[in-house]
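Residue strings, one per chain:
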Protein chains: 2
Amino acid sequence: MGSISFEIHDHSVCTDKTMQEVDAYCETHKLQFTPIRRKVLTIMLEEHRAWGAYEILDRLRSEGQSAQPPVAYRALEFLVKHRFAHKIERLNAFIACTHPGQHHAPAFLICRSCEKVAEAHTEPSSGELGAAAEAIGFHIERTVIEAVGLCATCRDATTQ
Amino acid sequence: MGSISFEIHDHSVCTDKTMQEVDAYCETHKLQFTPIRRKVLTIMLEEHRAWGAYEILDRLRSEGQSAQPPVAYRALEFLVKHRFAHKIERLNAFIACTHPGQHHAPAFLICRSCEKVAEAHTEPSSGELGAAAEAIGFHIERTVIEAVGLCATCRDATTQ
DNA sequence: CCAGGCAACGTTATATCATTACATGGAGCG
DNA sequence: CGCTCCATGTAATGATATAACGTTGCCTGG
Ligand SMILES: [Zn+2]
Ligand SMILES: [Zn+2]
Ligand SMILES: [Zn+2]
Ligand SMILES: [Zn+2]
């Protein structure tokens, strides 16, 4: 559960833990966690929110990295493919995964006010969507589950 | 439930029923169901699939309608706003609603082979997403629930 | 050593999706 | 009529994403 995303917390723990897990996963699976890929993930780990590809690109540039669009998109493709990051379809943007390497079906809670995003997990075959699919023999391969709304903090702020 | 989307059926019934319901809804709610809006919905009703804005635009042009991008996007904005159509975020494309006017939270089953799309309904507050939201006091305003996979017909075709 | 294969990266150009901004026109109304 | 409102026409631009092709660096079989 990603409730931590909306709360004040020691975020360096999130960052360090993720990088360690990704490092270990790449070691185990013989994946090349190259400097560019590492840099992109590091940028995305700065905050629990979704990052546009061109926003990442700007960051790469500002850090001296040569950066045409494919540079960012290729790094993101790698990160998404191996589940170190996810694409938020609603936002056309990308977010670092909070459970890197684990094969999972993520669901997201997106606060439209503070823009923070929490990652939860689902069991695609269960629930209403799974039931609807089963009823008609539809085979689910990938799910997009995203909720937009207000986090507790932002809701409290607006109702006062 | 939208299982009918993947089956052979008398599709003129879908089209006629939808147009009647939209007509009635607009009458009741004093909405202007203008020729362009009607034309766009008619195009989308041709098939149970998602249509790109520029695809609709091309169709409008081929039918003699002047058509710059805002023409299509404005009609789509109207249709989506009043729940006569939905946007499929995964595809950056739009689909005619099968329950026009009813206030509902749609979910979609998208066949990656035949590209047909079925619309099901969910109760956002229920299920895993609703539980995750409730657990952290997140207030859901809108949900994006989409599944990509293979419909029964396409799956049967590939396993033979 | 060195040729060949391969994966990542550099770079240009282009494709695809969406919006801003401003002008025009017609319906309703005092 | 003069006004407002809403829909539409149109040009320009912005935002997101990919195609295509060349280069580099590493590994490996010969
Ligand atoms: Zn954190
Ligand atoms: Zn918030
Ligand atoms: Zn039909
Ligand atoms: Zn199919």
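Residues numbered from 1 in each chain as written. Chains lettered and ligands numbered in written order. Predicted model: local features only at pLDDT ≥ 70, side-chain atom pairs only at ≥ 80, totals over all residues. Heavy atoms only, no water.

K.L.:
Describe in detail the coordination of the zinc ion (ligand 2), supporting the description with residues and values.
P.N.:
All names here are of chain A. Protein-derived ligands of the zinc ion (ligand 2) are Cys111 (SG), Cys114 (SG), Cys151 (SG) and Cys154 (SG), with the metal-ligand distances lying across 2.2 to 2.4 Å. Of note is the zinc ion (ligand 2), whose four donor atoms meet at the metal with angles of 103 to 115° in an arrangement that counts as tetrahedral. Look at where the donors of the zinc ion (ligand 2) fall in the sequence and you get C-x2-C-x36-C-x2-C. Highlighted residues: cysteine 111 in strand 3 (residues 105–111) and cysteine 154 in helix 6 (residues 152–159), separated in sequence by 43 residues. Given the relative accessible area of 11%, cysteine 154 is considered buried. (Donors = N, O, S within 2.8 Å, 3.2 Å for Na, K, Ca; no water. Tetrahedral: all angles 85-135°; square planar, octahedral: opposite > 155°, others 65-115°. Helix = DSSP H or I, 4+ residues; strand = E, 2+ residues; numbered from the N terminus. Buried < 20%, exposed > 50% of the residue type's maximum accessible area, 1.4 Å probe, protein only.)

K.L.:
Report on the interface of chain A and chain B, specifying residues and quantitative values.
P.N.:
Between chain A and chain B, the residue contacts involve 40 residues of the former and 40 residues of the latter. With both sides pooled, the region where chain A packs onto chain B buries about 3,200 Å², and carbon together with sulfur makes up 61% of that total. When the buried area of chain A at its contact with chain B is split by residue, Glu128, Ile136 and Phe138 of chain A rank highest and sum to 19% of it. Scanning the region where chain A abuts chain B turns up four salt bridges. Here arginine 112 of chain A makes a salt bridge to glutamate 141 of chain B, at a shortest N to O gap of 2.6 Å. Our enumeration of links across chain A and chain B arrives at 18 residue pairs in polar contact (both at pLDDT 80 or more). Among the elements of the structure, strand 3, strand 4 (117–122), helix 5 (127–135), strand 5 (139–150) and helix 6 of chain A are those that each provide at least two residues to the side of chain A that touches chain B. Each residue belonging to the side of chain A that touches chain B can be placed in one class, and the counts come to 22 nonpolar, nine polar and nine charged. (Contact = heavy atoms within 4.5 Å. Buried area = accessible area lost by both parts, 1.4 Å probe. Salt bridge = Lys/Arg side-chain N within 4 Å of Asp/Glu carboxyl O. Polar contact = N/O pair within 3.5 Å; in protein donor to acceptor, adjacent residues only side chain to side chain. Nonpolar A, V, L, I, M, F, W, Y, C, P; charged D, E, K, R; others polar.)

K.L.:
Describe the packing of aromatic side chains, and please don't skip the residues or the numbers.
P.N.:
Counted under the stated rule, the structure contains eight aromatic pairs over all chains. Ring geometry for tyrosine 25 of chain B and phenylalanine 84 of chain B: centres 5.4 Å apart, planes at 85°, overall edge-to-face. Taken as a pair, tyrosine 25 of chain B in helix 1 (residues 11–28) and phenylalanine 84 of chain B in the loop between helix 4 (69–81) and strand 1 (85–88) lie far apart in primary sequence, 59 residues in all. Of the residues examined, tyrosine 25 of chain B reaches a relative accessible area of 23% and is grouped as partly exposed. Grouped by ring-pair contacts, the aromatic residues Tyr25, Phe78 and Phe84 of chain A constitute a single cluster. When the ring centre of tryptophan 51 of chain A is taken as origin, the NZ or CZ atom of arginine 49 of chain A, which lies over that ring, is 3.8 Å away. (Phe/Tyr/Trp six-rings, centres within 6.5 Å; stacked < 30°, edge-to-face > 60°. Lys NZ or Arg CZ within 6 Å of the ring centre and 35° of its normal.)

K.L.:
Account for the coordination of the zinc ion (ligand 3), with residues named and values stated.
P.N.:
Residue and element names in this part refer to chain B. Summarising the metal site, the zinc ion (ligand 3) is bound by the protein donors His9 (NE2), His11 (ND1), Cys14 (SG) and His48 (NE2), whose distances to it range over 1.9 to 2.3 Å. Because the angles between the four donor atoms bound to the zinc ion (ligand 3) fall within 104 to 114°, the donor set is best described as tetrahedral. All donors of the zinc ion (ligand 3) belong to a single chain; written as a sequence motif, their spacing is H-x1-H-x2-C-x33-H. Residue histidine 9 is classed as partly exposed on the basis of its relative accessible area, which comes to 25%.

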